[in-house]
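Spelled out from the first residue to the last, the chains are:
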Amino acid sequence: MLYSCSLENFSSSYPYGGKANGLHELYLNKLPVPESIFIEATDDPAEVDCPSFQRTLFQHLEAFKTEEDLYDLAIRSSALNEDGANDSFAGHYDTILGLMCFEDVLAGIKKVLLSQEKGETSSSNKMGVVIQPFIRADYSGVLFSSSPFTFSKKECIISFTDGCGDKLVSGEEAGTDVLVTLSEKGWSLPHEQVIPFGEQKLFELCQKVKELERVLGYPIDVEWTLKENIFTYIQCRPLTSITKIPSKTVPVTAEYLDSIPKQLLKSDKVSLRIDAQKKNTHVSDAYVIVSNTSSTQQELASLETIKRSPLCHGYSAVVIYPKLISEKVVRSFIGDTDRIHLNSLEDSGSTMNTAPKYSTIEECVAEFVTMANDDFWISSIIIQEIYSPKFTGVVKKEGENTIIEIIKGHFFTKGTIPASSYLVSREGTVLSKHELCQEEWYEISEGAVIQHTDKSNQKNCLTEEEIQRILKEFDTFLQEQVALIEFGLLEINDTPNPYLIDLVKNSEDLPELTSKDISQGILSHGKRTGKLHYVDLTDEESFDLHFHNAFNEENKPNDGENLIFACKKTSIELLRFIYANKAENIGFLFESGSILCHLSIVLRENEIPAIQIGSFDALDLEYGANYTIDAESEQLTKAQRVQKLTY
């Protein structure tokens, strides 16, 4: 005989199906649930004809009887495969609503049981039934306790309608959609909307469901009703658009593209690798680690997929989803610390500038996941191999010509090391060059940042073959003229081998620099007058800063005053001054710098005038005095572009 029970007598010894389990969770956590009858799951509708079952059911239904000796009910499906962590099967099975006699109730139960044939995915699936009073509500709706689109724990999405919600959940009626956000100040509506039952009542609903989410340890999809200002919860299930995403590690190759969640494909670090593979451009091996921290996932991703290539000298780990945590790009260098030989470093005059923060990839990934988990259920991390190149640099199409800049070691785009630069024609002829000695350089090796010194006074120079190989390797990217290409140059068996490191897409209206501009030291066009302010750079901080970090105004100097910042190098550290001041109020003066580093790009995007002029000592600058810098007039020498004002 089929077993049936009430909420109070629910027992996990009997399989009542997914919807019954969700209602029981609501009941255990003291949320208002309508009186419910659960019928054991079966694959044989004929069991409903059993006299003993019908007698028991009749007794259960006594409390539901109306004055007309009818029952105003909702008869709902509760299949074993329904409302699970991986599949909800929402809308697959039948629901019977309205006034009915006892014979209609039995017929309705059979109809629901038979509807398993429409959504059955396994021969072992059975259908249970939930019977509840049909609540003729003032408002009804669905609430997602977290965002199925962003995976954020700080967002709830609610859809509601007047009256009963059967047409809303079936898709027949659109309803009203509302996004509610949670911050330290509490719940709020980011967009102004009229809530007919009141904002505070809506926030009360969000708070109750969010508290249940915390208890369960996974995001939930809850159906609710509001009648006479009282909420009742009629369904609770895992939010499968989040809970079904598996934790896994996959190589970043076109072959595995379909197995990477679509949100991750929006990351530049993923898409550039797919693009490079299509263009047959060399790029280092990389892996994406997807982590789902909801309790429906039994364990985090295995890292056994990650295989070290012969060229690997460690890894870069970057959280790519969410893009920012606490307004910063979260990243670290990691590797095999046993491969770092301190004695040999000291013998060569090199020092460890920054020690590895993590001894293993596992340790790094675990901490990154914990950081992301404060606000997001799903996070993804890209692990990229780091090579040990002869040079790193950038190459960019500039009009009909190409600019190439290089340094020894890593961290080119941070702007801390003066670069050797080349202006090359379409045919590959060097039109002009500025080659520099580099007395120090930084290498990323097995998670450590190693500082090397070089007193040989040997300039960093590219050979003709190296220039040709760089242009050939990145020809398809250069022809598109859409990005600044960051690259490394390996030397394998005396043969130059360029490889792609990163792309920085150009702003569509980014002003171009002419060869004359470059020879005049112009980094960004414009003219500005202001008080000269010297900025002392540490370099060390620049290693932890990133192009996409958000900046606050803690370091805002002399609010509202026009300033010219004098700096030795085009370091990424200076981004904080750009974001803390209005672009029309500032300009920059550099001793040396890169045309193509991140800072110079931001200067041009914001139309902030900037010039590199060589040694400040030769100009006898007076800090605190007012100067005009002119990075737009023609027929000026470098010295004439910087003029002290006299009154």
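Residues numbered from 1 in each chain as written. Predicted model: local features only at pLDDT ≥ 70, side-chain atom pairs only at ≥ 80, totals over all residues. Heavy atoms only, no water.

Peer 1: So what's going on with the overall build of the chain? Residues and values would help.
Peer 2: What the chain contains, in helices and strands, is 16 helices and 32 strands. Evaluated residue by residue, the chain yields a buried proportion of 55% over its 647 residues. If you take every contact in the chain between residues at least 6 apart in sequence, the share linking residues at least 24 apart comes to 66%. Surface accessibility of the chain: about 29700 Å² in total, with carbon and sulfur atoms responsible for 46%. (Helix = DSSP H or I, 4+ residues; strand = E, 2+ residues; numbered from the N terminus. Buried < 20%, exposed > 50% of the residue type's maximum accessible area, 1.4 Å probe, protein only. Contact = heavy atoms within 4.5 Å. Areas by Shrake-Rupley, 256 points an atom, 1.4 Å probe, with all protein chains shown as cover.)

Peer 1: Can you break down the pattern of salt bridges residue by residue, with the values?
Peer 2: Evaluated as defined, the whole model comprises 20 salt bridges. Here lysine 279 and aspartate 275 are joined by a salt bridge, their closest N and O atoms 2.7 Å apart. Under the relative-accessibility criterion, lysine 279 is labelled partly exposed at 21%. Linking glutamate 622 and lysine 644 is a salt bridge whose minimum nitrogen-to-oxygen distance equals 2.3 Å. Separated by 22 residues along the polypeptide, glutamate 622 in the loop between strand E30 (610-612) and strand E31 (626-630) and lysine 644 in strand E32 (residues 642-644) bring together distant segments of the chain. You can call glutamate 622 partly exposed: its relative accessible area is 40%. Judged by relative accessible area, lysine 644 falls into the partly exposed class, the value being 39%. (Salt bridge = Lys/Arg side-chain N within 4 Å of Asp/Glu carboxyl O.)

Peer 1: Residue-level account of the sheet that holds strand E23 (residues 448-453), with values.
Peer 2: Spatially, three strands are ordered E16-E23-E22 in an open sheet, and the strand pairing comes out antiparallel. Only two strands of the sheet have a single partner each, and these edge strands are strand E16 (351-354) and strand E22 (440-445). Strand-to-strand twist of the sheet, defined as the mean angle between neighbouring strand axes without regard to direction, takes the value 40°. Here six bridges tie E22 to E23, and the two strands are oriented antiparallel to one another. Within the sheet, the bridge partner assigned to glutamate 440 lies in E23 and is threonine 453. (Pairing = 2+ DSSP bridges. Axes fitted to C-alpha atoms, helices over the stretch in contact; angles between N-to-C directions.)

Peer 1: Can you tell me about helix H16 (residues 598-605), naming the residues and giving the values?
Peer 2: Within H16, seven of the eight residues are buried, which leaves it mostly tucked inside the rest of the structure. Taken together, the buried positions of H16 are occupied by His598, Leu599, Ser600, Ile601, Val602, Leu603 and Arg604. Turning to H16, the residues buried within the fold contact strand E24 (483-492), strand E25 (495-505), strand E26 (522-524), helix H15 (575-579), strand E29 (586-590) and E30. Downstream of H16 by a residue or two, glutamate 607 has a phi angle that is positive, lying close to 55°.

Peer 1: Explain the sheet that holds E24 to me, using residue names and the numbers behind them.
Peer 2: Spatially, the six strands line up as an open sheet ordered E21-E20-E19-E18-E24-E25, and their pairing is antiparallel. What marks the edges here is a single partner per strand, and that holds for strand E21 (430-434) and E25. Each adjacent strand pair in this sheet contributes to an overall mean axis angle of 20°, direction not counted. In terms of strand pairing, strand E18 (residues 391-398) meets strand E19 (residues 401-407) through seven bridges, oriented antiparallel. Each bridged residue has a counterpart across the sheet, and for glycine 393 the counterpart in E19 is isoleucine 406. Sheet strands in contact with helix H12 (residues 464-473) are E19, strand E20 (420-424), E21, E24 and E25, and its direction is about 45° off that of E25.

Peer 1: I'd like a description of the environment of leucine 311, backed by residues and values.
Peer 2: Assignment of secondary structure puts leucine 311 in the loop between strand E13 (286-292) and strand E14 (315-321). Residue leucine 311 is classed as partly exposed on the basis of its relative accessible area, which comes to 29%. Taking the C-alpha atoms as reference points, leucine 311 and proline 389, 78 residues apart in sequence, are found 9.7 Å from one another. If sequence neighbours within four positions are ignored, leucine 311 has contacts with His282, Ile386, Tyr387, Leu490 and Ile492.

Peer 1: Residues and numbers for the packing of helix H2 (residues 51-61) against helix H3 (residues 102-114), please.
Peer 2: Viewed as axis vectors pointing N to C, H2 and H3 meet at an angle of 115°, and their least axial separation amounts to 12 Å. Taken as axis vectors, H2 and H3 run roughly perpendicular relative to one another. Of the two possible hands of crossing, H2 and H3 adopt the one that is right-handed. Counted together, Gln54, Leu57, Phe58 and Leu61 of H2 and Phe102, Val105, Leu106 and Ile109 of H3 form the full contact between these two elements. (Parallel < 35°, antiparallel > 145°, perpendicular 65-115°, else oblique. Left-handed = near helix turned anticlockwise from the far one by under 90°.)

Peer 1: Describe the side chain of aspartate 630, with residues and values.
Peer 2: Within the secondary structure layout, aspartate 630 lies in strand E31. Exposure remark for aspartate 630: the relative accessible area of 8% places this residue in the buried category. At a separation of 3.0 Å, a polar atom in the side chain of aspartate 630 contacts the main-chain amide nitrogen of glutamate 632. Not counting residues within four places of it along the chain, the set of residues in contact with aspartate 630 comprises Gly526, Lys527, Ile611, Leu636 and Arg641. (Polar contact = N/O pair within 3.5 Å; in protein donor to acceptor, adjacent residues only side chain to side chain.)

Peer 1: So what's going on with the packing of aromatic side chains? Residues and values would help.
Peer 2: What the rule picks out here adds up to 17 aromatic pairs. Relative to tyrosine 623, the ring of tyrosine 534 lies with its centre 5.3 Å away and its plane at 55°, an arrangement referred to as tilted. Residue tyrosine 534 is found in strand E27 (residues 527-534), and its partner tyrosine 623 is found in the loop between E30 and E31; the two are separated by 89 residues along the sequence. Tyrosine 623 sits in the partly exposed class, given a relative accessible area of 39%. Note that lysine 153 overlies the ring of tryptophan 377, its terminal NZ or CZ placed 4.2 Å from the centroid. (Phe/Tyr/Trp six-rings, centres within 6.5 Å; stacked < 30°, edge-to-face > 60°. Lys NZ or Arg CZ within 6 Å of the ring centre and 35° of its normal.)

Peer 1: Let's hear about the nonpolar core: which residues, and what values?
Peer 2: The biggest cluster of nonpolar side chains holds 44 residues, and the ones touching the most others in it are Leu574, Phe588, Leu589 and Phe590. Among the elements of the structure, E26, strand E28 (563-567), H15, E29, H16, E30 and E31 are those that each provide at least two residues to this core. For this core, the leading source of residues is E28, giving five residues. Here this core spans two domains, since at least three of its residues come from each of domain 4 (391-505) and domain 5 (515-544 + 555-644). Setting aside chain neighbours within four positions, we find phenylalanine 588 in contact with Phe565, Cys567, Leu574, Phe577, Ile578, Leu603, Ile608, Pro609, Ala610, Ile611 and Ile629. Among the nonpolar cores identified, the runner-up in size contains 38 residues, and Phe38, Leu182, Cys206 and Leu212 belong to it. (Core = buried A, V, L, I, M, F, W, Y, C linked by side-chain atoms within 4.5 Å. Domains from an automatic or database assignment.)

Peer 1: Help me get a handle on the environment of serine 388, residues and values and all.
Peer 2: Within the element layout of this structure, serine 388 appears in the loop between strand E17 (378-385) and E18. Serine 388 sits in the partly exposed class, given a relative accessible area of 30%. Setting aside residues no more than four positions away along its own chain, serine 388 makes contact with His313, Glu443 and Leu490. Side chain to side chain, serine 388 and glutamate 443 meet in a polar contact 3.3 Å long.

Peer 1: An account of the pairing of E28 is needed here, citing residue identities and associated values.
Peer 2: Burial analysis of E28 places five of its five residues in the buried class, the great majority of the element. The side-chain alternation of E28 yields two buried faces, one formed by Leu563, Phe565 and Cys567 and the other by Ile564 and Ala566. Sheet analysis places E28 next to E29, joined by five bridges and oriented parallel. Looking at the pairing, phenylalanine 565 lines up with phenylalanine 588 of E29.

Peer 1: Explain unusual backbone geometry to me, using residue names and the numbers behind them.
Peer 2: Cis geometry marks the peptide bond from tyrosine 321 to proline 322, where omega comes out at 0°. With respect to the helices and strands, proline 322 occurs in the loop between E14 and strand E15 (331-334). Unusually for a residue other than glycine, glutamate 228 sits at a positive phi of about 50°. Along the chain, the position of glutamate 228 falls in the loop between strand E10 (220-227) and strand E11 (230-238). Of note, asparagine 280 is a non-glycine position whose phi angle comes to about 60°, a positive value. Following the sequence through the fold, asparagine 280 ends up in the loop between helix H9 (268-278) and E13.

Note that all results are geometric; they support no functional claim without further evidence.
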